[in-house]
Amino acid sequence: MTTVAPPKHIAAILDKLTSKGFKAYIVGGSVRDAMLSRSSYDWDIATSATPADVVRLFEKTVLTGEKFGTVTVVLDECTVEVTTFRTDGEYNDARHPQSVEFVTDINKDLGRRDFTINAIAMSIDGEIVDPFGGINDINEKIIRCVGDPEKRFSEDALRMFRAFRFSAQLGFKIEKDTLSAIKAGAANAANISAERIQAELGKTLMSKKPEIVGEIIKSGLLNRFLQGAYKNSVELCRMSKLPDETALRWGVLCAVLFDEKCIESAWDFLRELHVESKIIKTINTAMLVKDFPTDRIGQKRMLVKYGASAARVAAAINDVKTGDSMASLLTIYRIMASGECISLDTLAVTGKDLIELGLSPGPELGKELYKLLDYVIVNPDSNNREVLLKFINNK
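For the structure given in this document, a descriptive report is provided here.

About the cut-offs
Residues numbered from 1 in each chain as written. Predicted model: local features only at pLDDT ≥ 70, side-chain atom pairs only at ≥ 80, totals over all residues. Heavy atoms only, no water. Helix = DSSP H or I, 4+ residues; strand = E, 2+ residues; numbered from the N terminus. Rg over C-alpha atoms; globule rule 2.2 N^0.38 Å. Buried < 20%, exposed > 50% of the residue type's maximum accessible area, 1.4 Å probe, protein only. Contact = heavy atoms within 4.5 Å. Areas by Shrake-Rupley, 256 points an atom, 1.4 Å probe, with all protein chains shown as cover. Lys, Arg positive; Asp, Glu negative; His and termini not counted. Charge placed at Lys NZ, Arg CZ, Asp CG, Glu CD. 1 Å grid on protein atoms, 1.4 Å probe; cavity = no way out; pocket = protein on both sides within 12 Å on 5 of 7 lines; lining within 4 Å. Points joined across faces, edges and corners; volume = space filled by probe spheres on them. Nonpolar A, V, L, I, M, F, W, Y, C, P; charged D, E, K, R; others polar. Core = buried A, V, L, I, M, F, W, Y, C linked by side-chain atoms within 4.5 Å.

Moving on: the overall build of the protein. A tally of regular secondary structure across the protein gives 20 helices and 11 strands. Against the globule reference of 21 Å for 395 residues, the protein gives a C-alpha radius of gyration of 28 Å, more extended than a compact globule. In terms of principal-axis extent, the alpha carbons of the protein reach across some 90 × 50 × 40 Å. Buried residues in the protein amount to 48% of all 395 residues. Residue pairs at least 24 apart in sequence account for 62% of intrachain contacts in the protein once pairs closer than 6 positions are excluded. Just so you have it, the protein exposes about 19300 Å², and 48% of that area is on carbon and sulfur atoms. Charged side chains of the protein number 52 positive and 54 negative; the gap between the two group centres comes to 3 Å.

Let's shift gears to the layout of surface pockets. Put simply, the largest pocket is a space of about 1500 Å³. Forming the boundary of the largest pocket are 41 residues, of which D44, E81, R113, D114 and R162 lie nearest the centre. Only α2 (29-35), β2 (44-47), β3 (61-65), β5 (79-84), β6 (86-88), α7 (158-170) and α9 (194-205) provide two or more residues apiece to the lining of the largest pocket. Among the elements that take part in the lining of the largest pocket, α7 stands out by supplying six residues, more than any other. In the lining of the largest pocket, the residues fall into 10 nonpolar, 12 polar and 19 charged. Space inside the second largest pocket adds up to approximately 330 Å³. As for the second largest pocket, its lining consists of 18 residues, and the residues nearest its centre are A286, M287, V289, K290 and K321. Those elements that provide at least two residues to the lining of the second largest pocket are α12 (246-259), α14 (277-286) and α16 (308-322).

This next bit is on the side chain of S123. Mapped onto the fold, S123 is located in the loop between β8 (121-122) and β9 (128-129). With a relative accessible area of 10%, S123 lands in the buried category. Setting aside its immediate chain neighbours within four residues, S123 contacts A24 and Y25.

Judged by nonpolar contacts, the single largest core of 97 residues is most densely connected at W250 and F269. With nine residues, the top contributor of residues to this core is α12. Among the nonpolar cores identified, the runner-up in size contains 13 residues, and V349, L373, V376 and I392 belong to it.

In structure tokens, the structure reads:
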């Protein structure tokens, strides 16, 4: 069995806690990821020490969640969250417990967690605590709730999205009772903020299996953002061939949903999910490209008209729709890397040059510059100051 080898600063925290007579374990995702030989960046520690004990033991601390037992230990390398073993009280908003009770038993603490694969603890000396069969589920590649899945999801509705996100990131299958509970409780997704939903969707889209977003939609979790029925689109399955870039993958999702009449506009859909405004503008512009040009001149003209970012998204959408792997996107990359002039910034003449020829400043000057740019797009070797000035004089 794979053991967890924590960084030195994590081991030092565990050692200090245990040397003072407290129980302390690495818990959650870092244990799971180590067992899957995946890199882990978030190391969480659970302990029998109370928040007051943790504050007393460590030189620099921040009471980030004292009510819920969490103290942030500030180190030179980073900050680490240390949380007291606890059980959760009643949930009143499908997101947060009204209260918590500190306990001294790690098994009780693990019993409040979302999925078995995240309910494993490991001590500094290698002791594994796995009361819910998380290791077996890791080996079987299964996402399964700890205990009753309907209860887990009624406590925190965001866990439904997390189940799909872990499925996409890890390549695991959601266990049937867990999946059934998601579909039964999908209406509770209305209690989750758009920002939290967007974060989970984004992580799913950036995973190796972004098509799992389709499963999220079919489960009913996104009903408040969509209209009309979603079909099982093969286009989402092609998304994994694209680079894991935010604008590209959100853009493809919007194109698929628009074509299936699940959304009226990418702009409204993304705004409602609080996606970054820069990405929204890029995708909205890309959606204006109805027919992706097949010739190089047309592709360069598209780059001029819509800009490089939107052109790349349009290319990604075209590739997914046609099933041409990344043919269009690679073509755009090659044009951008070729050094050919595709913007006024790289045109060999400027507005000042045209004014010296007698043209007046204003809109007509801009039109003449774009005419020169189009001439260069058709004749790449003509991006030379003398050639372009001669071209203007001969018009």
